[in-house]
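What follows is each chain in one-letter form.
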Amino acid sequence: MLYNNILETIGNTPLIKLNKIVEDIPGQVYAKVESFNPGLSAKDRIAHYIIEKAEASGQLRPGGTLIEATSGNTGYSLAMIAAIKGYRCILTVTSKISEEKKCGLKALGAEIVLCPKDVKPEDPRSYYEQAKRLTKEIPGAFYVNQNFNTQNMDAHFMTTGKEIWEQSQGKVTHYIASTGTGGTLCGAARYLKQQDPNTRIVAVDAYGSVLKKYYETGIYDQNEIKPYRIEGTGKNIIPGNIDFDIIDKYVKVMDKHAAHRARELARTEGILAGYSTGAVLQALFQIKDNLTEDDFVVLLVSDHGSRYLAKIYNDQWMEEQFPNKITNPAPVEHTI
Ligand SMILES: Cc1ncc(COP(=O)(O)O)c(C=O)c1O
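First things first, this report covers the structure right here in the doc.

Another aspect to go through is the overall build of the chain. Looking only at helices and strands, the chain features 10 helices and 10 strands. Computed over the C-alpha atoms, the radius of gyration of the chain is 19 Å, within 12% of the 20 Å expected from 2.2 N^0.38 for a compact globule of 336 residues. On the principal axes, the C-alpha backbone points of the chain span a range of 55 × 50 × 50 Å. Counting all 336 residues of the chain, 57% fall into the buried class. Considering only intrachain contacts with a sequence separation of at least 6, the fraction spanning at least 24 residues in the chain is 72%. Approximately 14,900 Å² of the chain is accessible, and the part contributed by carbon and sulfur atoms is 50%. Positive and negative side-chain charges of the chain, numbering 39 and 40 respectively, have mean locations separated by a distance of 3 Å.

In the vicinity of the ligand there are 15 residues, among which K43, G180, T181, T184 and S276 approach most closely. Contact between the ligand and G180: an oxygen atom at 2.7 Å from a main-chain N or O atom of the residue. A distance of 2.7 Å separates an oxygen atom of the ligand from a polar side-chain atom of T181. About the coverage of the ligand: the protein hides 96% of its 380 Å² of free accessible area. Using a 2 Å cut-off from the grid points, one finds that the ligand occupies the largest pocket. Residues of the shell around the ligand, tallied by class, amount to 1 nonpolar, 11 polar and 3 charged.

Attention now goes to the sheet that holds strand β4 (residues 88-94). Strand order in the open sheet made by the 4 strands is β5-β4-β3-β6, with parallel pairing throughout. Edge positions in the sheet fall to β5 (111-115) and β6 (141-143), since each of these pairs with one other strand and no more. With strand direction ignored, the average angle separating the axes of adjacent strands in the sheet is 20°. Where strand β3 (residues 65-69) meets β4, 5 bridges bridge the pair, whose relative direction is parallel. Residue pairing for β4: A69 is matched across the bridge by T92.

So, on to the pairing of strand β10 (residues 296-301). Along a regular strand, successive side chains alternate from one face of the sheet to the other. Judged by how many residues are buried, β10 sits mostly within the fold: 6 of 6 residues are covered. Judged by which residues are buried, β10 turns out to be covered on both faces: F296, V298 and L300 on one side and V297, L299 and V301 on the other are all buried. Both strand β2 (residues 28-33) and β10 contribute to a ladder of 6 bridges, which runs parallel. By the bridge assignment for β10, K32 is matched with L300. Note that strand β7 (residues 174-178) and β10 share 3 bridges and pair parallel. Looking at β10, one finds that Y175 is bridged to V298.

Attention shifts here to the layout of surface pockets. Taken as a whole, the largest pocket encloses approximately 1,000 Å³ of empty space. In this structure, the largest pocket is lined by 50 residues; those nearest its centre are K96, Y127, Y228, G232 and G234. Of all the elements in the fold, those that place two or more residues in the lining of the largest pocket are α2 (73-85), α4 (127-137) and α6 (183-195). Residues of the lining of the largest pocket, tallied by class, amount to 14 nonpolar, 24 polar and 12 charged. Residue assignment places the lining of the largest pocket across two domains, with domain 1 (6-36 + 159-321) and domain 2 (43-143) each supplying three or more.

A few words on the state of the cysteines. Inspection of the entire model under this criterion finds 0 disulfides. With no disulfide partner, C115 has as its closest neighbouring cysteine sulfur the one in C89, 14 Å distant. In this structure C115 comes out as buried when scored by relative accessible area, which is 4%.

On to the sheet that holds β7. Reading across the sheet, the 6 strands line up as β1-β2-β10-β7-β8-β9 and stay open at both edges, with mixed pairing between neighbours. Looking at the sheet topology across the chains shown, the edges are occupied by β1 (15-17) and β9 (249-253). Adjacent strand axes in the sheet meet at a mean angle of 25°, parallel and antiparallel pairs treated alike. For β7 and strand β8 (residues 200-206), the ladder comprises 5 bridges, and the chain directions are parallel. Across the sheet, residue A177 finds its bridge partner in β8, namely A203. The strands touched by helix α5 (residues 151-167) within the sheet are β1, β2, β7 and β10, with β2 carrying the most contacts at an inclination of about 140°.

Once that is clear, we can look at the packing of aromatic side chains. All chains considered together, the criterion is met by 8 aromatic pairs. Ring centres 6.5 Å apart and planes at 85° place the aromatic pair Y275 and W317 in the edge-to-face group. Placement of the pair is Y275 in helix α9 (residues 275-287) and W317 in helix α10 (residues 315-321), with a sequence separation of 42 residues. Of the two residues examined, Y275 and W317, each falls in the buried class. Between the aromatic rings of W317 and F322, the centroid separation amounts to 6.1 Å while the plane-to-plane angle is 85°, which identifies the pairing as edge-to-face. We classify W317 as buried; its relative accessible area is 14%. By the ring-pair criterion, three or more aromatic residues cluster together here, those being Y214, Y215, F244 and Y250.

Criteria and thresholds
- Residues numbered from 1 in each chain as written.
- Predicted model: local features only at pLDDT ≥ 70, side-chain atom pairs only at ≥ 80, totals over all residues.
- Heavy atoms only, no water.
- Helix = DSSP H or I, 4+ residues; strand = E, 2+ residues; numbered from the N terminus.
- Rg over C-alpha atoms; globule rule 2.2 N^0.38 Å.
- Buried < 20%, exposed > 50% of the residue type's maximum accessible area, 1.4 Å probe, protein only.
- Contact = heavy atoms within 4.5 Å.
- Areas by Shrake-Rupley, 256 points an atom, 1.4 Å probe, with all protein chains shown as cover.
- Lys, Arg positive; Asp, Glu negative; His and termini not counted.
- Charge placed at Lys NZ, Arg CZ, Asp CG, Glu CD.
- Near = heavy atom within 4 Å.
- Polar contact = N/O pair within 3.5 Å; in protein donor to acceptor, adjacent residues only side chain to side chain.
- 1 Å grid on protein atoms, 1.4 Å probe; cavity = no way out; pocket = protein on both sides within 12 Å on 5 of 7 lines; lining within 4 Å.
- Sits in = over half its atoms within 2 Å of the grid points.
- Nonpolar A, V, L, I, M, F, W, Y, C, P; charged D, E, K, R; others polar.
- Pairing = 2+ DSSP bridges.
- Axes fitted to C-alpha atoms, helices over the stretch in contact; angles between N-to-C directions.
- Points joined across faces, edges and corners; volume = space filled by probe spheres on them.
- Domains from an automatic or database assignment.
- Disulfide = S-S within 2.5 Å.
- Phe/Tyr/Trp six-rings, centres within 6.5 Å; stacked < 30°, edge-to-face > 60°.

See the structure below:
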């Protein structure tokens, strides 16, 4: 098959059975591996969809500038699209971003504005406020706004959800994904629930994020906000792409457990995935007592582990972050 450009390869990612790592989990578990997208993450889908809609509506014109506040993956997808379509791309990122992600964004020609990580979202220095400011200042700028632009959810409704349903031949009973903006979980969930209202939707959150408490109580609690390490799971705002009514269960996961699960996935299934995938896998283990042999669970693998080689896949980083014994250290390196 021939493609006219790299954007035509977005989507239609494989649904892959997990074997060894889920031996103790009742039912079957499959991974929807979004790192097969050309930008190595699920964010290619939303970036492509939102940009095409903005072009069609006239909000984005030739020579325009894409602006987004992003922890990295959406930025990478936007930078890739900007390179193909000839847009300028400016990304506001927090200082929590990994070095590899930053280099990848710059390699694709994006301009980066580094913002402090531990400031309130409404603080003028926050990466959200900086993105809004730039959008006002730059003529022809288009603010992608993945947190509140509900085309994010639509993209996953039209593609990810439909693919999971078709690939599983309608057998999916549980869908588990991390919630950042919420688009990946809720967009696909909406499609799946439309096909079968009994499909269980499990959202994954991190300690240090406000989402689970908001889901359970309706309270936005500033006291929940703490620094944490998982990237792409959890938020310090309530994004517009989380449809809380569609979620059946919210599971909170610890940094340490998520990191170890991601490492275990690589070792047992040969899937080198990102940190948030470790969180999803850990959530599966936390809810396993609710599953039966008849269940067909789909886990969302949001991105590729190559972006975390200096972090969760680095023994030294792991030892520094989680001083207790590493349960699954890397194989011994032999020096001759
Ligand atoms: C690595 C990673 N995992 C998970 C997510 C969560 O996806 P969503 O924003 O659709 O909730 C993101 C989004 O930022 C991400 O970058």
